[in-house]
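Working through the structure, step by step
The primary structure of each chain is shown beneath.
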Amino acid sequence: MPFVLLVVALLGGGLISLLLLNSALNQGSFQLSKLKKETTVLRDEQQELQRDVDGYSAPDALQRRAHELGLVPGGSPVFIGPDGKVAGTPAAAETPPPPSPPPSAPPVAQAPAASPAPPAAAASPTPSPAGSPSSGR
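Everything numeric in this text was worked out from a predicted model, so none of it was measured. (Residues numbered from 1 in each chain as written. Predicted model: local features only at pLDDT ≥ 70, side-chain atom pairs only at ≥ 80, totals over all residues. Heavy atoms only, no water.)

Further remarks concern the overall build of the protein. A count of helical and extended segments in the protein gives five helices and two strands. In the protein, which comprises 137 residues, the share counted as buried stands at 1%. When the accessible surface of the protein is totalled, it reaches about 12100 Å², and 67% of it is carbon and sulfur. (Helix = DSSP H or I, 4+ residues; strand = E, 2+ residues; numbered from the N terminus. Buried < 20%, exposed > 50% of the residue type's maximum accessible area, 1.4 Å probe, protein only. Areas by Shrake-Rupley, 256 points an atom, 1.4 Å probe, with all protein chains shown as cover.)

Attention shifts here to the pattern of salt bridges. One pass over the full model with this rule turns up one salt bridge. A salt bridge links Glu 68 to Arg 65, with the nearest nitrogen and oxygen atoms 3.2 Å apart. Here Arg 65 and Glu 68 lie together in helix α2 (residues 59-68), a separation of three residues that amounts to about one turn. Residue Glu 68 is classed as exposed on the basis of its relative accessible area, which comes to 55%. Assessed through its relative accessible area of 46%, Arg 65 is described here as partly exposed. (Salt bridge = Lys/Arg side-chain N within 4 Å of Asp/Glu carboxyl O.)

The predicted model of the protein has a mean per-residue pLDDT of 79, with 70% of residues at 70 or higher. Highest mean pLDDT in the protein belongs to helix α1 (residues 2-56) (94); lowest belongs to helix α4 (residues 117-123) (46). Of the regions scoring below 50 in pLDDT, residues 108-129 engages in one contact with residues more than four places distant in sequence or in other chains. (pLDDT = per-residue confidence, 0-100. Contact = heavy atoms within 4.5 Å.)

A separate point is the environment of Pro 90. Structurally, Pro 90 is set in the loop between β2 (86-87) and α3 (105-114). Under the relative-accessibility criterion, Pro 90 is labelled exposed at 66%. Sequence-wise, Pro 90 and Val 78 are twelve residues apart; in three dimensions their C-alpha atoms are separated by 6.0 Å.

Our next topic: a negative patch on the surface. Residues Asp 44, Glu 45, Glu 48, Asp 52 and Asp 54 make up a contiguous surface patch of negative charge. Summarising the element assignment, Asp 52 is placed in helix α1. (Patch = residues over 30% accessible without salt bridge, like charges linked within 9 Å, V, L, I, M, F, W, Y side chains within 5 Å. Lys, Arg positive; Asp, Glu negative; His and termini not counted. Charge placed at Lys NZ, Arg CZ, Asp CG, Glu CD.)

Here's what the structure looks like:
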């Protein structure tokens, strides 16, 4: 009888330890899947930020931003050697001519002129419901 109780106690202890081990592994698995999802989100965000950096560091974007800040292209470079000797001739940068307005500027100017017209058109149909000629159109 004591032998049977010992075997039952060992089997019960083994089953309980397997249950605890299994639940610990499942918890680790859930943590791993959560961290993989978070890694994917962060990787996507990093790639999006890298695209933004690449867009801002493109030569045309840098040139456009420099013009917005009022910067002008420099002339030929001048170097000062360690002994104080100047290599090259210094010259002031010349201001380039102002850029021509983009072709999209005239439609933008026409948009405000077009916006007052609809209220005037909206005002004229208001009296016309009393008259039936405009409803026939």
